[in-house]
Amino acid sequence: MDADIPIGQNTVRLKFKGQYMSIRIWAIDPDRNNAYTPFDIGACVPDSCSEDDIRRYMTYGEKSVVPIEVYNGKQWNNIWADSGAIAMICIILVFVLIALIATVFDMAYVQRMIEASKTQETIHKSMRVASTHAKINKAFEAPEEKANYYSDKGEVSNGDAKGRDMDKKNLADQVYTTLEMTHIGSNGVSKPEPLPSKPPKYEPSIGTRLLVSFSVYTNMSRLLSFDAPPGAYLCLNAIRFLSMCWIILGHTFQLGITITPVTNPTLNPTDWFANKYTSLFEYKALTHMQLAVDSFFLLSGCLIAISFLKAMARQGGTVTCRQMALYYFHRYWRLTPVYMILVGFMATLYMYTGSGPLWPREFPDAVNCKKSWWWHLLYINNFYNYGTQSCMGWSWYLANDMQFYIISPVIFIFLYKVPVVGFIISGILFVGNIVSIVTLHLVGQASFEMDYIKPYSRIGAYIVGVWLGYILWKNKGKAVLSWWVSLLGWVLSLGLIFAMVYGDWRCPSCTKIPAWLQIMFLSIQRQGTAIGVAWIIYACITGNGGFINTLLSWRGWIPLSRLCYTGYLIHPMINYYYNFSRMQQQYMRVWPEMVVAFGGVLTLTIGFSIVVTLLFEIPMLGIEKVIIPPPAKKKN
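Every value quoted in this text rests on a predicted model; they were computed, and no experiment measured them.

Caption draft 1: Structural detail: the state of the cysteines. Following the criterion strictly, the structure yields two disulfides and no others. What pairs with Cys369 in a disulfide is Cys391, and their sulfur atoms sit 1.9 Å apart. The disulfide joining Cys369 to Cys391 has a torsion of about 90 degrees about its S-S bond and is therefore right-handed. With Cys369 in helix α12 (residues 364–377) and Cys391 in the loop between α13 (386–389) and α14 (396–417), this pair connects stretches of sequence that are 22 residues apart. No difference in accessibility class separates Cys369 from Cys391, as the two residues are buried. What pairs with Cys507 in a disulfide is Cys510, and their sulfur atoms sit 1.8 Å apart. Taking the sign of the S-S torsion, 90 degrees for the link of Cys507 and Cys510, the bridge is right-handed. Ordering the disulfide-forming cysteines of the protein chain by sequence position, one finds them joined as 1-2, 3-4. Note on Cys235: no disulfide assigned, nearest cysteine sulfur contributed by Cys540 at a separation of 4.7 Å.

Here it is in structure tokens:
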């Protein structure tokens, strides 16, 4: 940027760059009885200006203002003085270095060994096939004592002049290579010699397998594979990913816009939220996007129930110590490493990823993650004070899911051995879920901290999943339904989901819903959504899904569904970055601002999820398979 600066009678042309400064002052808020409230002003100033320069400028003149704080947003200037940030950078670099070494080693050595082993196995199979077929060679009609020959290097040894003068084409048809090792008798019939022993298959050592667990080459092929194990319920992949998209859609409209009243990146927050977002019919799918989380609880309960009941069936209806130990270890190991990496990233590095006039001086999540990370490590973070200690506030889902997972074996064991008792226990939990929500609303305690994130308010959808899993296990995923029963089920399920999403809408001029009816609706909204989705799953798995099952069972959903766990953890960070790294506030509209923002956040979520999954998640699962091999199969 060039600027002409007058100095006395002369003008000096200077070159400089601009920078954004955020200036916080006290302002009178008429909506709060004219109370003083912090107010931020964004200013573009030359890059040579320091924070002290801006303070002196603001206090100069008759209408001076004493700023509370001046902030240039250049967080990276301070990163090398932050020991936590440096430690986190080192941890990430170690994983990147290991992945690089593992990838090179995998491609340069392991893959070559695997290919060589496959080649040897192919050669051995061809020799076995060749030895099973008798071949007649008309060139050999000499007496037996003169006809003991082996073909060698594509040449035929024969003293017979007729054999030497054979046509080249006939010769090519009758040549035997050393791979066939065929003995030629006097009758012209080949007699196979004993084949060499089968070459040993390449088996990498434990150390090699541990290292290759970090190989991006191998892990990428696993991540992007469209293969699924036999008997897999393919429709679940689509439901999982589409639920993830619904959550991202809702958070795109919510996160970052209402995170703090001081640094608000929206020009029209009051008009948008009061007059459009929370009142218009078409936006109910956004305000109720949290119902997608209940789809996750449903899927979790269903799959865990099926897996546990199948394991019990294989073990003759018993529960072994090994089974229970692996049951808990696998879940903790599956979720925790990548979870803790992202908690550490939020606590130490996230604040340095952006800058600008809207970038917060200090992220509450970052501050709280340094204090309360161990709550997340123990999966009890949904029980601390979210109002003042929120660290990755969206992680309440993981705490609930782990808590449901811990208590589930009691239900599963009774469902297997005494189904009536199992249904009674799970039924009590289901009814207790409804009663707790009603009670919280009646006493005025139905807040985010007391209702939204607590297990007693969320377990209903999980129980529906457990019941679905039991039914699918019991009938082995098969059910013959008449066309009218299937049609009725689809109509009721889709109607139920629609009612749970839009059922509490009223036009601005309409009579408000009575309080008691509103409470009853909220107490069954989550469970009703889960029941509707449960029918879709049941119909698709049992062969009553029609074209919907064809759509949901498309194998293209498989790699996308593998990214849902890391995607759930990452996407709010991307939302925060998008909203707070802007150089100007945005006017909230569905089109084009929010639609474009949703597409960008979804795309970036998938991209970053691939990186995190390859570096942290899949390697940890690979290590588990090495240190805890599956039990040997018993021979009948």
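Don't stop here, the text continues.
Caption draft 2: Seen up close, the nonpolar core. If you look at the biggest cluster of nonpolar residues, it comprises 114 residues, and the most contacted ones within it are Met392, Trp396, Ile537, Tyr568 and Leu569. The dominant element in this core, judged by the number of residues it contributes, is helix α10 (residues 291–314), at 14 residues. With sequence-adjacent residues up to four places away left out, Ile537 is seen in contact with Cys235, Leu236, Ile239, Leu298, Leu299 and Leu468.

Caption draft 3: Inspection of the packing of helix α15 (residues 419–442) against helix α19 (residues 515–541) at higher detail. Viewed as axis vectors pointing N to C, α15 and α19 meet at an angle of 145 degrees, and their least axial separation amounts to 9 Å. As for the relative orientation of α15 and α19, their crossing is right-handed in sense. Contact residues: Phe430, Asn433, Ile434, Ile437, Val438, His441 and Leu442 in α15; Ile519, Met520, Leu522, Ser523, Ile524, Arg526 and Gln527 in α19. When its residues are assigned to classes, the contact of α15 with α19 shows nine nonpolar, four polar and one charged.

Caption draft 4: Structural context of the packing of helix α11 (residues 321–348) against helix α23 (residues 590–627). Taken N-terminus to C-terminus, the directions of α11 and α23 make an angle of 155 degrees; their axes are 10 Å apart at the nearest point. Comparing their axes, α23 and α11 come out roughly antiparallel. Both α11 and α23 take part in a crossing whose hand is right-handed. On α23, the residues that touch Phe329, His330, Trp333, Arg334, Pro337, Val338 and Ile341 of α11 are Val612, Phe616, Glu617, Met620, Leu621, Ile623 and Glu624. Its residues assigned to classes, the contact of α11 with α23 comprises ten nonpolar, one polar and three charged.

Caption draft 5: Examining the pattern of salt bridges more closely. Within the structure shown, the criterion is met by seven salt bridges. Here Lys284 ties to Asp504 by a salt bridge, and the two come within 3.8 Å at their closest N and O atoms. Placement of the pair is Lys284 in helix α9 (residues 284–287) and Asp504 in the loop between α18 (483–502) and α19, with a sequence separation of 220 residues. For Arg458, the salt bridge is made with Asp294, and the minimal N-O distance between the two is 3.2 Å. Note that Arg458 is positioned in the loop between α16 (448–452) and α17 (459–474) and Asp294 in helix α10, a separation of 164 residues in sequence. In this pair, the class of Arg458 matches that of Asp294, namely buried.

Caption draft 6: Examining the environment of Ala534 more closely. One can find Ala534 in helix α19. C-alpha of Ala534 to C-alpha of Leu298: the two residues are 236 residues apart in sequence and 7.5 Å apart in space. Excluding anything up to four places from it in sequence, Ala534 contacts Leu298, Val464 and Leu468.

Caption draft 7: Geometry of the environment of Tyr470. Among the secondary structure elements, Tyr470 is positioned in helix α17. You can call Tyr470 buried: its relative accessible area is 8%. Separated by 54 residues in sequence, Tyr470 and Tyr416 have C-alpha atoms that sit 8.7 Å apart. In contact with Tyr470, not counting residues within four places along its chain, are Ala305, Leu309, Leu415, Pro419 and Phe423.

Caption draft 8: The arrangement of the packing of aromatic side chains in detail. For the structure shown, the criterion picks out 45 aromatic pairs. On the basis of an interplanar angle of 55 degrees and a centroid distance of 6.3 Å, the ring pair of Phe297 and Trp396 is categorised as tilted. Residue Phe297 is found in helix α10, and its partner Trp396 is found in helix α14; the two are separated by 99 residues along the sequence. Geometrically, the ring pair formed by Phe404 and Tyr462 is tilted, given 5.1 Å between the ring centres and 40 degrees between the ring planes. Highlighted residues: Phe404 in helix α14 and Tyr462 in helix α17, separated in sequence by 58 residues. Relative accessible area serves as the criterion here: at 1%, Phe404 is assigned to the buried category. Residue classification places Tyr462 among the buried residues on the basis of a relative accessible area of 2%. Members of the aromatic cluster, each reached through a chain of ring pairs, are Phe296, Phe297, Trp396, Tyr397, Phe404, Phe448, Tyr452, Tyr462 and Tyr568. Above the face of the Tyr452 ring, Arg458 is positioned so that its terminal group lies 4.4 Å from the ring centre.

Caption draft 9: How the structure looks around a positive patch on the surface. A grouping of Lys118, Arg128, Lys198 and Lys201 is seen on the molecular surface, where their side chains present a positively charged patch. By secondary structure assignment, the location of Arg128 is in helix α2 (residues 83–131).

Caption draft 10: Spatial organisation of a nonpolar patch on the surface. Side chains of Val410, Phe414, Val418, Val420, Ile424 and Ile428 sit close together on the surface and give an oily, nonpolar patch of about 530 Å² of accessible area. Among the elements of the structure, α14 and α15 are those that each provide at least two residues to the nonpolar patch. By the secondary structure assignment, Val420 is in helix α15. Classification of Val420 as exposed rests on a relative accessible area of 58%.

Cut-offs used in this document
Residues numbered from 1 in each chain as written. Predicted model: local features only at pLDDT ≥ 70, side-chain atom pairs only at ≥ 80, totals over all residues. Heavy atoms only, no water. Disulfide = S-S within 2.5 Å. Helix = DSSP H or I, 4+ residues; strand = E, 2+ residues; numbered from the N terminus. Buried < 20%, exposed > 50% of the residue type's maximum accessible area, 1.4 Å probe, protein only. Core = buried A, V, L, I, M, F, W, Y, C linked by side-chain atoms within 4.5 Å. Contact = heavy atoms within 4.5 Å. Axes fitted to C-alpha atoms, helices over the stretch in contact; angles between N-to-C directions. Left-handed = near helix turned anticlockwise from the far one by under 90°. Nonpolar A, V, L, I, M, F, W, Y, C, P; charged D, E, K, R; others polar. Parallel < 35°, antiparallel > 145°, perpendicular 65-115°, else oblique. Salt bridge = Lys/Arg side-chain N within 4 Å of Asp/Glu carboxyl O. Phe/Tyr/Trp six-rings, centres within 6.5 Å; stacked < 30°, edge-to-face > 60°. Lys NZ or Arg CZ within 6 Å of the ring centre and 35° of its normal. Patch = residues over 30% accessible without salt bridge, like charges linked within 9 Å, V, L, I, M, F, W, Y side chains within 5 Å. Areas by Shrake-Rupley, 256 points an atom, 1.4 Å probe, with all protein chains shown as cover. Lys, Arg positive; Asp, Glu negative; His and termini not counted. Charge placed at Lys NZ, Arg CZ, Asp CG, Glu CD.

That's the geometry; what it means functionally is another story.
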